[in-house]
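An overview of the molecular structure
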Amino acid sequence: MTIKDVAVKAGVSTATASRVLSKHPSTSPAARNAVEQAVAELGFRPNAQARSLRKTTTQTIGLLLPDIRNPFFADLAHAVEQRARDFGYVTLFGNANENMEQQERYFDVMLSQRVDGLIAAPQGDRAGLVGILESGLPTVFVDRVIEGTGVPSISPDNRTGIRAAVAHLTGLGHRRIGYIAGPQSTSTGRERLQAYQEAIAASPADASPELVYLGDFQAASGAAGAHALLDLPDAPTALLAADSLMSIGAIGVCNERGISIGSEVAFVGYDDIEAFTLLNPALTVIAHDVDAMGRGAVEMLVDVLAGEPAQSRVLPSRLIIRGSTPELLEEVGP
């Protein structure tokens, strides 16, 4: 009989069963009860090696990101890894791929690897994080937050940049501003859409619901959003995308359709990634200090690990105006 038999009987993963049997603190009461009952029913006896697992720190931290293909998160990972090294920690990376199931699997992996703490940009709601929250693993949220968890976080100001972008575009004369929104299962997706809607409502721009396309922070949804918006009978004269990957997808569609960004349609992207400065014209963007966010997340986690109080922080955003948003010409459109 093996620990795998116990895991099957208890209805948990092998990693969870192993943590319970090794008395690892990062296990939920429900998991402990299920495993202990399975052990009693099966008469399983863990070997001495399992009982003597070290209870020391591993000097590793976990970093779980939504999509490592996103240049913003790649820069965030670099900032976290470099700052973690300053404190003597090695970083274990996980890619959730904007998928709840994959996120949960990586949470389990982080626990099984006995990381000392976790930095995560989460998706979903509190119910989807019960395992990690009940484990007691020191955790900090970065970029995204989930209310009601009590987890300290460092996140961007999602409202100021969106409002500045809408004000900039309406100031140039745009009244039909198409918005490609992020998934509403994330705090960033929800907050940025709400900021857009509030800014549009307070401006002379058209507040028609048809000007909003709900994407998923993936390039393909940015492309789909651009197609849908540009195919409207009264197409928008400006596009605003809620993250860098969706910006990339939408820019690709404009190029494929021969629509000149900056002269036929204005465009505001999200995150000041290097590629956007190399476009012709360079892209107007809503920017955050990703390095400060990554470094701050590590410093916050180190405080949590030391038992010090950690205060959540919101970092400022700003609009960087470049050539993709010139003054409105008399005839603008695809």
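In this report, we go over the structure that sits alongside the text. The shown structure was predicted, so the numbers you read here are calculated from the model rather than taken from an experiment.

Our focus in this paragraph is the overall build of the protein. Within the protein one finds 13 helices and 12 strands. Its C-alpha atoms give the protein principal-axis dimensions of about 80 × 40 × 35 Å. Counting all 334 residues of the protein, 51% fall into the buried class. A separation threshold of at least 6 residues defines the contact pool for the protein, and within that pool the share at least 24 residues apart is 71%.

It is worth spelling out the sheet that holds strand β9 (residues 266–270) at this point. Spatially, β7-β6-β8-β9-β10-β12 is the arrangement adopted by the 6 strands of the open sheet, whose pairing is mixed. Edge positions in the sheet fall to β7 (212–214) and β12 (317–320), since each has one partner strand and no second. For this sheet, the mean angle separating the axes of adjacent strands, direction not counted, is 15°. Pairing of strand β8 (residues 238–241) with β9, which is carried by 3 bridges, proceeds in the parallel orientation.

This part is about the pairing of strand β10 (residues 284–288). In terms of residue burial, β10 counts as a mostly covered element, since 5 of its 5 residues are buried. Neither face of β10 is left uncovered, since the one carrying Thr284, Ile286 and His288 and the one carrying Val285 and Ala287 both have all their residues buried. The pairing of β9 with β10 spans 3 bridges and is parallel. Residue pairing in the sheet places Val268 in a bridge with Thr284 of β10. Alignment of β10 against β12, held across 4 bridges, turns out to be antiparallel. Each residue of the ladder has a partner; that of Ala287, found in β12, is Arg318.

Okay, the packing of aromatic side chains next. The geometry of two aromatic rings is summed up by the distance between their centres and the angle between their planes. Counted according to the given criterion, the structure contains 2 aromatic pairs. Aromatic pair Phe72 and Phe73: ring centres 5.2 Å apart, planes at 75°, arrangement edge-to-face. Under the relative-accessibility criterion, Phe73 is labelled buried at 4%. Arranged with centres 4.5 Å apart and planes meeting at 10°, the rings of Tyr179 and Tyr196 form a pair that is stacked. Here Tyr179, found in strand β6 (residues 177–181), pairs with Tyr196, found in helix α9 (residues 187–201); they are 17 residues apart in sequence, far enough to count as distant.

Read across the open sheet, the 6 strands follow the order β2-β1-β3-β4-β5-β11; overall the sheet is parallel. Strands with a single pairing partner mark the edges of an open sheet, and in this sheet they are β2 (90–95) and β11 (313–315). Strand-to-strand twist in this sheet, taken as the mean axis angle between neighbours without regard to direction, amounts to 15°. Alignment of strand β1 (residues 60–65) against strand β3 (residues 117–120), held across 4 bridges, turns out to be parallel. Paired with Gly62 across the strands is Leu118, a residue of β3. Lying over the sheet, helix α6 (residues 100–112) contacts β1, β2 and β3, oriented at roughly 155° with respect to β2.

Attention shifts here to unusual backbone geometry. The omega torsion across Asn280 and Pro281 is 5°, close enough to zero to call that bond cis. By secondary structure assignment, the location of Pro281 is in the loop between α12 (274–277) and β10. Notably, Glu98 is not glycine yet its phi reads approximately 55°, a positive angle. In this fold, Glu98 is placed in the loop between β2 and α6.

Turning to the packing of helix α8 (residues 158–171) against α9, a few remarks are in order. Two elements in contact, α8 and α9, have axes separated by 8 Å at closest approach and are oriented at 35°. For α8 against α9, the interelement crossing comes out right-handed. Residue-level inspection shows Asn158, Arg159, Ile162, Arg163 and Val166 of α8 in contact with α9, the latter providing Thr188, Glu191, Arg192, Gln194, Ala195, Tyr196, Glu198, Ala199 and Ile200. Partitioned by chemical class, the residues of the contact of α8 with α9 number 6 nonpolar, 3 polar and 5 charged.

Quick look at the pattern of salt bridges now. Enumeration over the complete set of coordinates arrives at 12 salt bridges. Two residues, Asp67 and Arg69, come together in a salt bridge whose shortest N-O distance is 3.1 Å. Assessed through its relative accessible area of 53%, Arg69 is described here as exposed. A salt bridge links Arg83 to Glu299, with the shortest nitrogen-to-oxygen separation between them at 2.9 Å.

The next thing to look at is the nonpolar core. By size, the foremost hydrophobic cluster in this structure holds 45 residues, and its most contacted members are Ile162, Tyr179, Tyr196, Leu240 and Phe267. Where this core is concerned, the elements lending two or more residues are α8, β6, α9, α10 (219–230), β8, α11 (244–256), β9 and β10. Leave out the neighbours within four places in its chain, and Leu240 touches Ile162, Ala165, Val166, Gly178, Tyr179, Ile180, Tyr196, Val268 and Ile286. Listed in part, the 23 residues of the second largest apolar core include Phe72, Ala84, Val142 and Val290.

A separate point is the packing of helix α5 (residues 71–86) against helix α13 (residues 290–305). Contact geometry for α5 and α13: axes closest at 8 Å, N-to-C directions at 40°. With respect to α13, the axis of α5 lies oblique. Remark: the crossing between α5 and α13 carries right-handed chirality. Contacts between α5 and α13 involve Phe72, Asp75, Leu76, Ala79, Val80, Arg83, Ala84 and Asp86 on the former and, on the latter, Val290, Asp291, Met293, Gly294, Arg295, Val298 and Glu299. Taken together, the residues that form the contact of α5 with α13 break down as 8 nonpolar, 1 polar and 6 charged.

Conventions used here
- Residues numbered from 1 in each chain as written.
- Predicted model: local features only at pLDDT ≥ 70, side-chain atom pairs only at ≥ 80, totals over all residues.
- Heavy atoms only, no water.
- Helix = DSSP H or I, 4+ residues; strand = E, 2+ residues; numbered from the N terminus.
- Buried < 20%, exposed > 50% of the residue type's maximum accessible area, 1.4 Å probe, protein only.
- Contact = heavy atoms within 4.5 Å.
- Pairing = 2+ DSSP bridges.
- Axes fitted to C-alpha atoms, helices over the stretch in contact; angles between N-to-C directions.
- Phe/Tyr/Trp six-rings, centres within 6.5 Å; stacked < 30°, edge-to-face > 60°.
- Left-handed = near helix turned anticlockwise from the far one by under 90°.
- Nonpolar A, V, L, I, M, F, W, Y, C, P; charged D, E, K, R; others polar.
- Salt bridge = Lys/Arg side-chain N within 4 Å of Asp/Glu carboxyl O.
- Core = buried A, V, L, I, M, F, W, Y, C linked by side-chain atoms within 4.5 Å.
- Parallel < 35°, antiparallel > 145°, perpendicular 65-115°, else oblique.

Read these as spatial facts, not as claims about activity.
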